[in-house]
Amino acid sequence: MRVLERLGEAWRFVTSRTGSHWLLGALALLLLVWLVPFQLTGQPSETVEAIGWTWWPFVTLYAAIGLATIVCTFRRVRTDIRKTRATLEPRETPSAHAVRLEGGSYAEALAALRSAGFEVRDHGQRAGAVRRWWAPLGGTAFHLGILVFACGLILHANASSTVSFTAIEGQSLAAGLDPSASAEAAAAARLVETYVLSSVDPEYYRDYLLFSRLDATIERADGTERGLALADPLWLDPLTLLCIEDYGLAPQLEVSNSQSSIEESATVAMKLLPPGKEDSVTLPSSDVVLDVRVYPDYGVRNGKAVSLSYNLRDPKMLVSVASVGDAPSVLGRGLIGVGQYMDAGPNRVGLLGMSRYGTFRVMRSPGIPVVAAGLLLMCLGLLVRFGGRRLDVIVWDENGVVVADAYADLSGRAGGRAELPLLMHGNGGARR
Amino acid sequence: MSALAWIAYAVFFGSVALCVGVLLLSHMWPKVGRVGLPLSIVGAVSGTVGLAERWVVSGHAPLFGTFENTYTAAWALFLAAAVLGLLRRERFEGVWRLVAPWGLMLLLWGTRYRKGPTPITISEQSLWVDVHVMFAWICFVALLVVTSAAIASLRGRHVLGATAEESETTQFKFLTVGFIAMTLMLATGSWYSYLLFGAFWRWEVVETLSLVAWLGYAMIVHARLFGRFTGRRFAIAILLVLPLLVLAYFIWSVYPNTFHYFDIPLVKPY
């Protein structure tokens, strides 16, 4: 029995306003002492997220706060709907702090309240009046919004999917997806298969490493074009976004043999950025491996080959050609520009052009509408609650003298008394 | 920065510094305080000109980097003081006193950083960012006014009304404006985080500190509405949350390991 009593006390505490303050304070303190230090000391983001989402003290607090919010919200929904629509029931006699209003009759006072937008309920020699009766419902909506938002996050965490892939300019977006890899990849492929990547358009500010633009244009067979940018992803459907998150260079390479017949020609997505980075490729039908470094904007400074900027203005490729097999050997090395060739032993290597590829992401989450609804409800709830406060006024007719009191927000605490004379008579009144 | 930009910035900086000087002198010679509101209006106008010029030159709203953010924050404070002082002179004429010291501190902090306008980086090129930042500055201004009024009330002065009760009621109105704006800031930030990263909440340091500050202000609003949370307790509670507010807004200017870091070094490839 004592255990049950203790549990009952704990329940009443957790679901009380005081209890909710303690819980919120505990969460704030825990975040400050056990999450922020990890963030400031540069712990990996995965570690920090794991602590924030799954460490037991946090989970316990989330559960307790969630429980308190649910109980409090549904308690208030019942009372708010019943109480808010009604005016406050006037007491038999005015309180000690009620204001006595000089001049004007009881009827005139009620008329003045009506013209000030109050809804008046006259009980004879006393009346209750209310303005913006719906304002306290904003608090309920706000707390309900928190619950909906939390549900959305849980749904998102458990049911969302992200598929990343690359696509080269001129190719179908779905070319970089393997539908057999997973159901999510297959679903993403179905959504993007009608699109071809027309162009990837990055831009850097002057010659600095300041990324000022990353756009992509995709095109359907019927010629319809759609654009997307890093900060402006494309909605494929109400639950799915197509985002571009990065780009790279895709040299159009050609390898021909000693008989001048082309062994292989391909546009290859390579990891060549930032300038100075090297990547290698073995074209399928050739027997050479190419080690490649690209200067997007070739120039010479102090006798050294450099890239003058990160923009693709005058691209040149430094390529080293080696044979494959048990005893690989370097066949040749040279710097070639677009449309140029170099000899590498019996082979000839050419750079036909420099395309780009984009790194894309298809994100699907059934939590999107739930999270959006939760956020909207929270914001609207606050605006309703505080955009114009509820004011209840009670008026008494005390032997021809009008006495009034005012209460703000159904809190039971008086507020707005100073406005009473202005509300009802437009002149000052003396305190009783 | 162009000549016009420098002149506007200098006039703004000068107005803010003079306001602080007037604030200090008005303790000894109260009549000196009369120039505070006109000075804050001059500051607001020159700040508007300077930031508008910067917007035109850089092609984006002034919200990129510590210099721009401190400039905009200080301007927002003085704009609020000027507008409130002009619209409701009888009640808000003294708001410039509440914001001047913060404005000067922000501008001084901003002088340590790169001043030239640059294009905005790709991750910030969204209307959601502009809306997010707009709510952030509304919140910042409202909550700093509340904090300064709390400091004044602890010293026995009521700056926002004729009586202590009236001043505290007005203070609470500013607090609710700040809390609503902070909620909207977090909501728009959360939504944009999904658009950018596929996650509504990433537990990075600015997000965490903002959440802690939001929880702090939520507790104060809650306690004020439903308990007898007035007077000294109310003022002290507001002051306790202040460090969190300041850190949430400006920790990224000294700690780069956050998505909110915008003092991107201009590196060349050679």
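The rules behind the values
- Residues numbered from 1 in each chain as written.
- Chains lettered and ligands numbered in written order.
- Predicted model: local features only at pLDDT ≥ 70, side-chain atom pairs only at ≥ 80, totals over all residues.
- Heavy atoms only, no water.
- Axes fitted to C-alpha atoms, helices over the stretch in contact; angles between N-to-C directions.
- Helix = DSSP H or I, 4+ residues; strand = E, 2+ residues; numbered from the N terminus.
- Left-handed = near helix turned anticlockwise from the far one by under 90°.
- Contact = heavy atoms within 4.5 Å.
- Pairing = 2+ DSSP bridges.
- Salt bridge = Lys/Arg side-chain N within 4 Å of Asp/Glu carboxyl O.
- Buried < 20%, exposed > 50% of the residue type's maximum accessible area, 1.4 Å probe, protein only.
- Buried area = accessible area lost by both parts, 1.4 Å probe.
- Polar contact = N/O pair within 3.5 Å; in protein donor to acceptor, adjacent residues only side chain to side chain.
- Parallel < 35°, antiparallel > 145°, perpendicular 65-115°, else oblique.
- Nonpolar A, V, L, I, M, F, W, Y, C, P; charged D, E, K, R; others polar.

Caption draft 1: Broad picture of the packing of helix α7 (residues 164–197) of chain B against helix α8 (residues 205–226) of chain B. All names here are of chain B. Running from N to C, α7 and α8 point in directions that differ by 145 degrees, and their axes come no closer than 10 Å. For α7 against α8, the interelement crossing comes out left-handed. Contacts between α7 and α8 involve E168, T169, F172, L175, F179, M182, T183, M185, L186 and S193 from the first element and E207, S210, A213, W214, Y217, A218, I220, V221, R224 and L225 from the second.

Caption draft 2: Quick look at the sheet that holds strand β16 (residues 330–337) of chain A. Residue and element names in this part refer to chain A. Across the sheet, which stays open at both edges, the four strands sit in the order β11-β12-β15-β16 with antiparallel pairing between neighbours. The open sheet terminates on both sides in strands that have one partner only, identified here as β11 (278–282) and β16. On average, each strand axis in the sheet is inclined to that of its neighbour by 20 degrees, with strand direction left out of account.

Caption draft 3: Examining the sheet that holds strand β6 (residues 211–220) of chain A more closely. Residue and element names in this part refer to chain A. The strand order across the open sheet formed by three strands is β5-β6-β7, and the pairing between neighbours is antiparallel. Of all the strands in the sheet, the pair left with one neighbour each is β5 (195–204) and β7 (225–229). Averaged over neighbouring strand pairs, the angle between their axes works out to 20 degrees when direction is ignored. Bridge count between β5 and β6: nine bridges; the pairing is antiparallel. Residue pairing in the sheet places L197 in a bridge with I218 of β6.

Caption draft 4: Representation of the pattern of salt bridges. For the structure on display, the rule yields 15 salt bridges over all chains. With its nearest N and O atoms 3.9 Å apart, the salt bridge here joins A:E49 to B:R202. You can see A:E49 sitting in helix α4 (residues 45–54) and its partner B:R202 sitting in the loop between α7 and α8, one on each of two chains. A salt bridge links B:E168 to B:R224; the shortest N-O distance between them is 2.3 Å. Of this pair, B:E168 sits in helix α7 while B:R224 is found in helix α8, placing the two residues 56 residues apart along the sequence. On the basis of relative accessible area, B:E168 is assigned to the buried category, the value being 14%. Within the structure, one salt-bridge network assembled from shared partners comprises A:E203, A:R213 and A:D215.

Caption draft 5: How the structure looks around unusual backbone geometry. All names here are of chain A. Cis geometry is found at the peptide bond from L273 to P274, where omega equals 0 degrees. Along the chain, P274 falls in the loop between β10 (262–267) and β11. Despite not being glycine, N302 shows a phi value in the positive range, around 55 degrees. With respect to the element layout, N302 can be found in the loop between β13 (298–301) and β14 (304–307). Using a relative accessible area of 80% as the deciding quantity, one classes N302 as exposed.

Caption draft 6: Examining the pairing of strand β18 (residues 347–364) of chain A more closely. Residue and element names in this part refer to chain A. A large share of β18 lies buried, amounting to 15 of its 18 residues. Sheet analysis places strand β4 (residues 161–168) next to β18, joined by eight bridges and oriented antiparallel. Paired with S164 across the two strands is R361, which belongs to β18. Here strand β17 (residues 340–344) runs beside β18; their pairing, made up of five bridges, is antiparallel. Looking at the pairing, Y341 lines up with G350 of β18. Between β17 and β18, which pair antiparallel and follow one another directly, the connecting turn spans two residues, one of which, G345, has a positive phi of 65 degrees.

Caption draft 7: Examining the interface of chain B and chain A more closely. In this assembly, 56 residues from chain B lie in contact with 66 residues from chain A. Summing the contributions of chain B and of chain A, the shared interface buries around 5,200 Å²; its carbon and sulfur component is 73%. The three residues of chain B that bury the most area against chain A are B:I122, B:W203 and B:Y270, which together make up 15% of that side's buried surface. Summed over the shared surface of chain B and chain A, the number is two salt bridges. With a shortest N-O distance of 3.6 Å, A:D207 and B:K268 are connected by a salt bridge. Linking chain B to chain A there are 10 residue pairs in polar contact (both at pLDDT 80 or more).

Caption draft 8: Representation of the side chain of A:S309 within the structure. All names here are of chain A. Positionally, S309 belongs in the loop between β14 and β15 (316–323). Using a relative accessible area of 1% as the deciding quantity, one classes S309 as buried. Among the polar contacts made by the side chain of S309, one reaches the side chain of D297 at a distance of 2.8 Å. Here the side chain of S309 touches N311 through a polar contact of 3.2 Å, landing on its backbone nitrogen.

Caption draft 9: View of the packing of helix α2 (residues 36–58) of chain B against helix α3 (residues 66–87) of chain B. Residue and element names in this part refer to chain B. At a minimum axis separation of 8 Å, α2 and α3 run at an interaxial angle of 140 degrees. Here α2 lies oblique to α3, going by the angle between them. Taken as a pair, α2 and α3 cross one another with a handedness that is left-handed. The segment α2 lies against α3, with L37, S40, I41, A44, S46, G47, T48, G50, L51 and R54 engaging F67, E68, Y71, T72, W75, F78, L79, A81, A82, G85 and L86. Its residues assigned to classes, the contact of α2 with α3 comprises 12 nonpolar, seven polar and two charged.

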